[in-house]
Amino acid sequence: MKGLLEMKIRKKGLATAVLAASAAGAAGFGWLASSTGGFLPGLLAHGFLAATIGGLADWFAVTAIFRKPLGISYRTEILRRNRPRIMRALAEFAGSDLLSREHVMDSLSKQDFSEMLAQYLTERGGRERIFALADAVFTRGMETLDMRSVAASVEPVVRRVFSELRLDETAGDALSSALSVETRNRVLHALAPIAKRVWRDEELQSLLLASIGNIKEVYVGDKTMRASLFDMDELSDERLLDRLNEYVEAWMGELESGEGELCDRFSHWLDAFLRDGEPRERLAAAVRRWQNEQVESADIEGRLTRGLELLRENCLLDWRRKMRGYMEKRMEEFLHDAEAKASFNAWILRWFDDLLAAHHAELPQMMERQLAKMSDDELVELVETRVEDDLQMIRINGAVVGSLAGMILYLLTMAAERMWS
């Protein structure tokens, strides 16, 4: 703006200097021509006089556009007096020609937006700026997200879905599948070594030994025959515990191997249990009661809130890393994929075209509203600053053309006088 103002002052000063020089030349050579009557002084006097007249006329015309030259108000201050009409004309010109949809899209189609983006990402630090902005927005959004509100919006859906689940119908099938021969054998094979270690635990063995002693005391009571029978070495507490251990370990061994009489008896009992409709119905009824109780009384919103908050606390850092990794991958794909760049350019052009199609009709009104916000002095200053250079050149050209016209007329007059004389 400062440069435009300085250029305006220089051009205006030059035009004024040309006008002043023309007036001084007209006065000086006019006096010389009247004194000497010479041809050259007369030619120059007429040239400078015509230049002065042309310069004054153009100065008046140029000044009349913006203000009142010499205080004359008739047909002057054209911009101020015709401001509404001029603003409408400018707005219509900008919308239909200068900023027409066709012109704008033609200019945009010549731009390589994908290359601009690539340079921004690789040469101007755009990659890290985008990462930092995305991370800040994502982190801030997750930290300020009200998980209770999220849970409250999700809770009706969860409650409805849970109430519609037919858990009672699937409970028996799930139990049968879980206790199939193959599944139960794998489970028993895995649990048998653990059960053996638990059974052989010293504390458990001591507890079993004490229990055998208590059972014997209750059984014997005051019966002498029973007491005599148990006094035999084969029925001592330790021997009874050894017999029990042998039986239990043999049973565990059969369960672990999936073979043997005890294992077959267990399988037959389990199969009979699973085929029995009553246990399955009791299981289904229990599942239905539990499901109804949970739907009616469970604090689903509270549980969802705590779960979401715990998930955010434990996973936020990992989510941020994954988001950055995803963005880095997509950026690298964009930088090395010509098809992706072409698609980006096409997307940008479609976006601009849709934007112009939706809002281009508003451009004249927008420009007119912006111009209406300016005072008369501001509008005059704006227009004068933009066209002052050309207007002052009109003054200079007027003086030059006027001087040439004046000298040509002088020559024609002199030639006509000589011919007629």
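Quick note: structure is the one above.
Residues numbered from 1 in each chain as written. Predicted model: local features only at pLDDT ≥ 70, side-chain atom pairs only at ≥ 80, totals over all residues. Heavy atoms only, no water.

Visitor: Can you help me understand the overall build of the protein chain in this one?
Guide: Scanning the protein chain from terminus to terminus reveals 19 helices and 0 strands. A buried classification covers 27% of the 421 residues belonging to the protein chain. Of all intrachain contacts in the protein chain linking residues separated by at least 6 positions in sequence, the fraction that spans at least 24 positions is 74%. On the protein chain, roughly 28,200 Å² of surface is accessible, and the fraction owed to carbon and sulfur atoms is 61%. (Helix = DSSP H or I, 4+ residues; strand = E, 2+ residues; numbered from the N terminus. Buried < 20%, exposed > 50% of the residue type's maximum accessible area, 1.4 Å probe, protein only. Contact = heavy atoms within 4.5 Å. Areas by Shrake-Rupley, 256 points an atom, 1.4 Å probe, with all protein chains shown as cover.)

Visitor: Teacher, can you tell me more about the nonpolar core here?
Guide: Nonpolar side chains in soluble globular proteins tend to be buried together. Core analysis: the biggest nonpolar cluster contains 7 residues, these being Ala118, Leu121, Phe131, Met327, Met331, Phe334 and Leu335. Mapped by element, the contributors of at least two residues to this core are α6 (113-123) and α16 (300-335). Residues contacting Phe131, with those up to four places away along its chain left out, are Arg324, Met327, Glu328 and Met331. In terms of nonpolar packing, the next biggest core, distinct from the first, is built from 6 residues, Trp199, Leu208, Leu241 and Val248 among them. (Core = buried A, V, L, I, M, F, W, Y, C linked by side-chain atoms within 4.5 Å.)

Visitor: Can you help me understand helix α8 (residues 147-164) in this one?
Guide: An α-helical turn contains 3.6 residues, so any two residues separated by three or four positions project in the same direction. Here α8 contains 18 residues, and its C-alpha end-to-end distance of 25 Å stays within 8% of the 26 Å for a straight helix at 1.5 Å per residue. Among all positions in α8, only Met147, Ala151 and Glu155 are buried. (Expected span 1.5 Å × (residues − 1).)

Visitor: Would you take a moment to explain the environment of Phe113 for this structure?
Guide: Following the sequence through the fold, Phe113 ends up in helix α6. It is 7.6 Å that separates the C-alpha atoms of Phe113 and Ile348, two residues lying 235 residues apart in sequence. Each residue touching Phe113, except ones within four places of it in the same chain, is listed here: Leu108, Phe344, Asn345, Ile348, Leu349 and Phe352.

Visitor: Just to check I follow, could you spell out the packing of aromatic side chains for this structure?
Guide: Aromatic ring pairs are defined here through the distance separating the ring centres and the angle between the ring planes. Counted according to the given criterion, the structure contains 5 aromatic pairs. Taking the centre distance of 5.5 Å and the plane angle of 75 degrees together, the rings of Phe334 and Phe344 count as edge-to-face. Of this pair, Phe334 sits in helix α16 while Phe344 sits in helix α17 (residues 338-359), and the two are 10 residues apart along the sequence. Judged by centre distance (5.1 Å) and plane angle (70 degrees), the ring pair of Trp351 and Phe352 falls under edge-to-face. (Phe/Tyr/Trp six-rings, centres within 6.5 Å; stacked < 30°, edge-to-face > 60°.)

Visitor: When you look at a nonpolar patch on the surface in this model, what are you seeing that I'm missing?
Guide: Together, Val400, Leu404, Ile408, Leu409 and Leu412 line one region of the surface with nonpolar side chains, adding up to about 480 Å² of accessible area. Classification of Leu404 by relative accessible area gives partly exposed; the value is 45%. (Patch = residues over 30% accessible without salt bridge, like charges linked within 9 Å, V, L, I, M, F, W, Y side chains within 5 Å. Salt bridge = Lys/Arg side-chain N within 4 Å of Asp/Glu carboxyl O.)

Visitor: Which parts of the structure should I look at to understand helix α13 (residues 237-257)?
Guide: Between its first and last C-alpha, α13 extends 30 Å over 21 residues, near the 30 Å set by a 1.5 Å rise per residue. Taken together, the buried positions of α13 are occupied by Leu241, Asn245, Val248, Met252 and Leu255. With its buried residues spanning 95 degrees around the axis, α13 presents them on a single face. Seen from the buried face of α13, the exposed residues on the opposite side, beyond 90 degrees, are Glu246 and Tyr247. (Arc of directions from axis to C-beta.)

Visitor: Even after reading the chapter, I still don't get the packing of helix α7 (residues 126-144) against α16, so can you show me in this structure?
Guide: Each packed pair of helices is defined by two parameters, the angle between the axes and the distance between the axes. Running from N to C, α7 and α16 point in directions that differ by 150 degrees, and their axes come no closer than 11 Å. The orientation of α7 with respect to α16, classified from their angle, is roughly antiparallel. Handedness of the α7/α16 crossing: right-handed. Across the interface between the two elements, Arg127, Glu128, Ile130, Phe131, Ala134, Asp135, Phe138, Thr139, Met142 and Glu143 from α7 touch Arg312, Leu316, Trp319, Arg320, Met323, Arg324, Met327, Glu328, Met331, Glu332 and Leu335 from α16. Along the lines of polarity and charge, the residues of the contact of α7 with α16 split into 11 nonpolar, 1 polar and 9 charged. (Axes fitted to C-alpha atoms, helices over the stretch in contact; angles between N-to-C directions. Parallel < 35°, antiparallel > 145°, perpendicular 65-115°, else oblique. Left-handed = near helix turned anticlockwise from the far one by under 90°. Nonpolar A, V, L, I, M, F, W, Y, C, P; charged D, E, K, R; others polar.)

Visitor: Could you clarify how one ought to interpret the pattern of salt bridges in this entry?
Guide: Where charged atoms from two side chains of opposite charge come close, those side chains can pair. One pass over the structure, following the stated rule, counts 11 salt bridges. Ionic pairing is found between Glu301 and Arg148, a salt bridge with its closest N-O pair at 3.5 Å. In this pair, Glu301 sits in helix α16 while Arg148 sits in helix α8, placing the two residues 153 residues apart along the sequence. Look at Glu301 and you get partly exposed, because its relative accessible area is 24%. The shortest N-O distance in the salt bridge between Arg159 and Glu155 comes to 2.5 Å. Residue Arg159 and its partner Glu155 are both found in helix α8; the two are separated by 4 residues, about one turn of the helix. One salt-bridge network, held together by shared partners, links Glu128, Arg324 and Glu328.

Visitor: Whenever I open this one, the side chain of Thr52 confuses me. Can you help?
Guide: Assignment of secondary structure puts Thr52 in helix α2 (residues 39-66). A polar atom in the side chain of Thr52 sits 3.0 Å from the backbone oxygen of Ser22. Not counting chain neighbours up to four residues away, the residues in contact with Thr52 comprise Leu19, Ser22, Ala23 and Ala26. (Polar contact = N/O pair within 3.5 Å; in protein donor to acceptor, adjacent residues only side chain to side chain.)

Visitor: Could you clarify how one ought to interpret the packing of helix α5 (residues 101-109) against α17 in this entry?
Guide: Interhelical geometry of α5 versus α17 gives an angle of 165 degrees and a closest axis separation of 11 Å. With respect to α17, the axis of α5 lies roughly antiparallel. Of the two possible hands of crossing, α5 and α17 adopt the one that is right-handed. In this structure, α5 uses Arg101, Val104, Met105, Leu108 and Ser109 to contact α17, whose residues at the interface are Leu349, Phe352, Asp353, Leu356 and Ala357. Grouping the constituent residues of the contact of α5 with α17 by class yields 7 nonpolar, 1 polar and 2 charged.

Visitor: Is there a simple way to explain the environment of Asp58 in this structure?
Guide: Mapped onto the secondary structure, Asp58 falls in helix α2. Each C-alpha atom, one on Asp58 and one on Met393, is 9.9 Å from the other, the two residues being 335 residues apart in sequence. If we ignore the near neighbours within four places in the chain, the residues touching Asp58 are Ile394, Arg395 and Gly398.

Visitor: So what exactly am I meant to see when it comes to the environment of Met414 here?
Guide: The residue Met414 is located in helix α19 (residues 376-420) in this model. Expressed as a C-alpha distance, the spacing of Met414 and Leu43, which sit 371 residues apart in the sequence, is 9.7 Å.

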